[in-house]
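Residues per chain, in single letters:
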Amino acid sequence: MKKKLFKITFLNDKKETLTIHASKVNTSSFLGLIEVSDIVFLDTSEILFTPNDDKIKSEFKDVEKTFIPINYIVRIDEIILEKETPIIRLYKNDS
């Protein structure tokens, strides 16, 4: 399954670098802000869990739209995500 997303890297109010993924990024009618909507949380791994992922999920869990100041944005990339299901073998296959 291929899906186009935007990867937005920005600084939060504590000057920490955060990265979120969204389906829509537009200039805002509010001067100096970028509108980010349809935020997507990627399950990068079922095994590994980073504290940064938890921080982003808790901060943006109920957000429909967010407005980020242009001077806080580090980078915006348009990516094509190909979702693959990881295969984890828990036993030795003798056949």
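One numbering rule holds for all chains: residues counted from 1, following each sequence as written. The predicted origin of the model limits local features to residues at a pLDDT of at least 70 and limits the giving and counting of side-chain atom pairs to 80 or more, whereas totals for whole chains, interfaces and linings rest on all residues. To get the side-chain values, take all heavy atoms of the structure and skip hydrogens and water.

Within the chain, the secondary structure is distributed over 1 helix and 5 strands. The order of helices and strands in the chain, counted from the N terminus, is β-β-β-α-β-β. For every residue, the accessible area obtained with a 1.4 Å probe (protein chains only) is divided by the maximum for its type, and the residue is called buried under 20%, exposed over 50%, and partly exposed between those limits. Here the chain holds 95 residues, and the buried ones make up 23% of them. Once local pairs closer than 6 in sequence are excluded, the contacts in the chain between residues at least 24 apart make up 57%. Only the protein chains shown count as covering a residue, and every accessible area follows the Shrake-Rupley method with a 1.4 Å probe. With the model as given, the accessible surface of the chain reaches about 7,600 Å², and the carbon-plus-sulfur share is 52%. Every helix listed is a DSSP run of H or I at least four residues long, and every strand listed is a run of E at least two residues long, numbered separately from the N terminus. In this analysis, two residues are considered to be in contact whenever any of their non-hydrogen atoms come within 4.5 Å of each other.

Right, let's get into the pattern of salt bridges. Here, a salt bridge means any Lys or Arg side-chain nitrogen found within 4 Å of an Asp or Glu carboxyl oxygen. Going through the model one piece at a time under the given rule, you end up with 4 salt bridges. For the salt bridge of E78 with K4, the shortest nitrogen-to-oxygen distance reads 4.0 Å. With E78 in strand 5 (residues 73-82) and K4 in strand 1 (residues 2-11), this residue pair connects regions lying 74 residues apart in the sequence. The same class applies to E78 and to K4, which are both exposed.

Here we take up the side chain of E35. If you trace the backbone, E35 turns up in strand 3 (residues 33-40). What makes E35 buried here is its relative accessible area of 16%.

Moving on to the sheet that holds strand 4 (residues 65-69). Two strands form a pair only when DSSP identifies at least two bridges running between them. Read from one edge to the other, the open sheet built from 5 strands follows the order 4-3-2-1-5, with strand pairing classed as antiparallel. Single-partner strands in this sheet number two, and they are strand 4 and strand 5. Taking the axes of each pair of neighbouring strands and ignoring which way they run, one obtains an average angle of 50° across the sheet. Here strand 1 pairs with strand 5 via 9 bridges, running antiparallel. Note on geometry: axes are C-alpha line fits, over the in-contact stretch for helices, and angles between N-to-C directions span 0 to 180 degrees.

A positive phi angle, near 65°, is found at K15, a position not held by glycine. Mapped onto the fold, K15 is located in the loop between strand 1 and strand 2 (17-27). Its identity as a non-glycine residue notwithstanding, D38 has a phi of 55°, on the positive side. Relative to the elements of secondary structure, D38 occurs in strand 3. Given a relative accessible area of 37%, D38 falls into the partly exposed group.

Take the pairing of strand 4 next. Along strand 4, the buried face is formed by T66 and I68; none of K65, F67 and P69, which line the opposite face, is buried. Across 5 bridges, strand 3 lies against strand 4 in antiparallel orientation. Residue I34 lies in a different strand from strand 4, and its bridge partner there is I68.

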